[in-house]
Amino acid sequence: MRTTRSRAVSGDSDDDDAPQTFMFQGKAYESYQEMVNAKRQRNQDVLASSGLLGAKAAIDDAVLEQKAAKAASRGLKRSKAPREPLPRRKSSRLQGVAASGIYVESELAAGKVVVAGGLYTPNDSEEESKFFNDRINDGSDLTVSEAVELCGSKWSKEGTVEAAEQFMKQSLSDITKTFSSTSSRKGSPDSVRSVPGKSITSKTLQSNLNALSLESDTCVAKVTPERIYSVACHPNPNHIIACAGDKRGHVGIWNVDQYGAEAKQEDESSSDGVHLFKPFNGAVSSMTWNQSGTSLLAASYDGSVRSFDVEKQAFKEVFATYSDDDVYKDKLGYNLHGGYRSWLQSLELDHRFGSECFFLSTSEGSVMHVDLRSKRKVTFDQTLSERKINSMSLHPNGYTMATAGLSTVVQLWDIRSMSDSKSKKPKPLAWQNVGKSINSAFFSPSGKRLLTTTMMDHLDILEDAHLASGLIKTPKTRIKHDNRTGRWLSTFMARWHPASFSGEEIFVSGSMKKPRTIEVFGGNGSLLREIRGIALTAVASRCCFHPSAEKLIVIGGNSSGRLTIAR
DNA sequence: CTGGTTATTAAGGCG
DNA sequence: CGCCTTCCATAACCAG
């Protein structure tokens, strides 16, 4: 066990034997701290004399004039007095008591890491820690009621479980069925990219964008308890089923316009159409519906991938990383766990095969391809980077893949050279040096453009990156964009609308602008719309479009678990 | 170059 | 209203 060092608060701890002075502007200071203070004073003076402070204050006032509204109270509500207090175990960790000052407490034998005050489980079984990597269970299916109960009493009240079951079993099933029967041919691989923008044309696109509104408090709801890491939207064009995954492994599903019997049912029990589940024990890094809307696929930092199958009414573990312990011999992810620093950072459907195949990227720089068709297997597992890979994207051509992450390089690969894990270390076809970490890189629906969100404070649009070879120079289209979200917000990842509108492609991004704003850009980099309104009171870090609605709908998720719907 | 620190950031919750 | 917590992001820095 390692405690935090409180060393060198003022930089003068250990080296008393070597008296030292610190020079600044020709003056000697006794301690480093004094020197720093002098430096700060100088900076203050310079600022004051420049008149910038006055100007800044004026700007601040102007911004504050529009007084920040309170966060909306729709959606989840914490129940102050738990109805049935869960039997607590002895461990203070499990009671959520912070071991102050201790961050990473220890690395346990099984490769688990305990973050103080962090990975507590409301599950009151004595056996919680036996599950590999502190997961929610041993990998068996999770029923709807179990997934709700795992959220703990804090977020439930009378009838929460029933409301969730009712919603999942009836409303969601109906929504899924009416959609998948009217939607195209069954059996053929459903390509997300083939969704046409039906009623919106390039002519009506701008007016559609202008119509997006955030002026009603009904367009915000708290959907998860914690900060949102991922958002997804069900593809039925006639409904808005907005989903969010949070830092602790919760998945919130919001039926934005409740209808029929359900609405009546829910008057009493539920929170404005919001239902909360906890299929994971770590951040939900990516979530996506398959195109037919029959399953919601999600990956978590806890190393597991689960799919909520609407028909089977269960969160099934379809893949998870496991150690090389013989116990896990028959698991799909046997021997794929890379230690306590390893987690699943992103999931991307392999659009060639519907939702039956997907790519995963890890914090350790590898990309896996998982194939769930008849013979379930991990097609390949390749280390493509020394550092975490934040995103990967498969070009519509079905073989060019873009990866991006902490390595500060966008790389393009031919996945045909990775057909199995034994193939030798692949080489990138092309790459772009960004210089700082890259939050995401996504191909546009046509594949013509590659959109990157970078810590260099740019949104870059590369043209025909899939045809490039070698070093890619500075892109033609570069949007200056403040991406400094800091530590407490999820990073921005600008995302395309999966359809194009008579050739026009658009994408959405969160923004640090005040008043808070969601931005929509055109494929040529032009800012088409800044969506603001009383409902948007916090930065929407992770955004997406409704994939198929007749009108444009934008969904944004923020750091307090709220979803905002612009429509 | 590696490892180990710390600054920075926004927003809700609570006193 | 003002302080406190957040704590699996990232960059920048420094010491060895």
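Model, not experiment: these values are computed from the prediction. (Residues numbered from 1 in each chain as written. Chains lettered and ligands numbered in written order. Predicted model: local features only at pLDDT ≥ 70, side-chain atom pairs only at ≥ 80, totals over all residues. Heavy atoms only, no water.)

(A) Structural view of the overall build of chain A. The helix and strand tally for chain A stands at six helices and 34 strands. Looking at chain A residue by residue over its 567 residues, the buried ones come to 52%. Within chain A, contacts between residues at least 6 apart in sequence are counted, and of these 57% link residues at least 24 apart. Just so you have it, chain A exposes about 26900 Å², and 50% of that area is on carbon and sulfur atoms. (Helix = DSSP H or I, 4+ residues; strand = E, 2+ residues; numbered from the N terminus. Buried < 20%, exposed > 50% of the residue type's maximum accessible area, 1.4 Å probe, protein only. Contact = heavy atoms within 4.5 Å. Areas by Shrake-Rupley, 256 points an atom, 1.4 Å probe, with all protein chains shown as cover.)

(B) Representation of the sheet that holds strand 12 (residues 295-300) in the model. In spatial order, the strands read 5-14-13-12-11; together these five strands make up an open sheet with antiparallel pairing. Two strands close off the open sheet at either side, each with one partner strand: strand 5 (142-143) and strand 11 (284-289). In terms of strand pairing, strand 13 (residues 304-309) meets strand 14 (residues 314-320) through six bridges, oriented antiparallel. Opposite Ser 304, over in strand 14, you have Ala 320 as the bridge partner. (Pairing = 2+ DSSP bridges.)

(C) Region of the structure containing the protein's contact with DNA strand B. In the vicinity of DNA strand B, 14 residues are found, and the nearest of them are Arg 487, Trp 488, Arg 516, Val 539 and Ser 560. Those atoms of DNA strand B that come within 4 Å of the protein belong to sugar or phosphate at a rate of 61%. A distance of 2.4 Å separates a phosphate oxygen of DNA strand B from a polar atom in the backbone of Val 539. (Near = heavy atom within 4 Å. Polar contact = N/O pair within 3.5 Å; in protein donor to acceptor, adjacent residues only side chain to side chain.)

(D) Summary view of the sheet that holds strand 15 (residues 344-349). Read across the sheet, four strands follow the order 15-16-17-18 without closing on themselves; strand pairing throughout is antiparallel. Across the chains shown, the open sheet's two edge strands, defined by having one partner strand only, are strand 15 and strand 18 (377-383). Between one strand axis and the next, the sheet turns by 20 degrees as a mean value, whatever way the strands run. (Axes fitted to C-alpha atoms, helices over the stretch in contact; angles between N-to-C directions.)

(E) Representation of unusual backbone geometry in the model. Lys 514 connects to Pro 515 through a cis peptide bond whose omega is -10 degrees. Structurally, the position occupied by Pro 515 is in the loop between strand 29 (506-510) and strand 30 (518-522). At Asp 134, a residue that is not glycine, the phi angle is positive and equals roughly 65 degrees. Tracing the sequence through the fold places Asp 134 in the loop between strand 4 (113-115) and strand 5.

(F) Spotlight on the nonpolar core. Counting residues in each nonpolar core, the largest one holds 44 residues, and the members touching the most others are Trp 254, Ile 518, Ile 531, Leu 552, Val 554, Leu 563 and Ile 565. The greatest single-element share of this core, amounting to four residues, is contributed by strand 32 (residues 540-545). Residues Val 148, Ile 175, Leu 296 and Phe 315 belong to the second largest nonpolar core, which totals 27 residues. (Core = buried A, V, L, I, M, F, W, Y, C linked by side-chain atoms within 4.5 Å.)

(G) Geometry of the state of the cysteines. This model, assessed by the stated rule, comprises zero disulfides. Left without a disulfide partner, Cys 219 is nearest to the cysteine sulfur of Cys 543, which lies 13 Å away. Looking at Cys 219, the relative accessible area reads 7%, which means it is buried. The thiol of Cys 243 is not disulfide-bonded; the next cysteine sulfur, from Cys 233, is found 7.3 Å away. Taking relative accessible area as the criterion, Cys 243 reaches 0% and is therefore assigned buried. (Disulfide = S-S within 2.5 Å.)

(H) The arrangement of the UniProt feature "repeat: WD" (unreviewed entry) in chain A in detail. Under the UniProt annotation, "repeat: WD" (unreviewed entry) lies at residues 389-423. Across residues 389-423, helical content stands at 0% and strand content at 51%; the span's end C-alpha atoms are separated by 20 Å. (UniProt positions renumbered as here; feature names shortened; annotations may be inferred.)

(I) Up close: the side chain of Lys 222. Inspection of the secondary structure puts Lys 222 in strand 6 (residues 220-222). For the buried Lys 222, no salt bridge exists, and the shortest N-O distance to an oppositely charged side chain is 7.8 Å, to Asp 246. At 3.4 Å, the side chain of Lys 222 forms a polar contact with the backbone oxygen of Pro 225. (Lys, Arg positive; Asp, Glu negative; His and termini not counted. Salt bridge = Lys/Arg side-chain N within 4 Å of Asp/Glu carboxyl O.)

(J) Structural context of the packing of aromatic side chains. Applying the stated criterion across every chain yields a total of nine aromatic pairs. Consider the rings of Tyr 301 and Trp 343, whose centres lie 5.1 Å apart with planes at 40 degrees: the pair is tilted. With Tyr 301 in the loop between strand 12 and strand 13 and Trp 343 in the loop between strand 14 and strand 15, the pair connects residues that are 42 residues apart, well separated along the chain. Ring geometry for Phe 507 against Phe 521: centres 5.2 Å apart, planes inclined by 20 degrees, an arrangement best described as stacked. Highlighted residues: Phe 507 in strand 29 and Phe 521 in strand 30, separated in sequence by 14 residues. For the pair formed by Phe 507 and Phe 521, the shared burial category is buried. Members of the aromatic cluster, connected to one another through ring pairs, are Phe 132, Tyr 322 and Tyr 328. (Phe/Tyr/Trp six-rings, centres within 6.5 Å; stacked < 30°, edge-to-face > 60°.)

(K) Representation of helix 5 (residues 202-211) in the model. Residues of helix 5 that are buried include every one of Leu 205, Asn 208 and Leu 209, and no others. Down the axis of helix 5, the smallest arc covering the buried residues is 95 degrees, so these residues share one side. Away from its buried face, by an angle of more than 90 degrees, helix 5 presents the exposed residues Lys 203 and Ala 211. Where helix 5 is buried, its residues touch strand 29, strand 30 and strand 31 (527-531). (Arc of directions from axis to C-beta.)

(L) Geometry of a negative patch on the surface. Residues Glu 146, Glu 149, Glu 158, Glu 162 and Glu 165 make up a contiguous surface patch of negative charge. For the negative patch, the secondary structure elements donating two or more residues are helix 3 (144-149) and helix 4 (160-182). Relative to the helices and strands, Glu 149 resides in helix 3. (Patch = residues over 30% accessible without salt bridge, like charges linked within 9 Å, V, L, I, M, F, W, Y side chains within 5 Å. Charge placed at Lys NZ, Arg CZ, Asp CG, Glu CD.)

(M) The arrangement of the pairing of strand 25 (residues 458-463) in detail. For strand 25, a buried count of five out of six residues is recorded, marking the element as mostly surrounded by other parts of the structure. Note: strand 24 (residues 449-454) against strand 25, six bridges, orientation antiparallel. By the bridge assignment, Thr 453 is partnered in strand 25 with Leu 459. The antiparallel hairpin formed by strand 24 and strand 25 contains three residues in its connecting segment, where Asp 457 sits at a positive phi of about 65 degrees.

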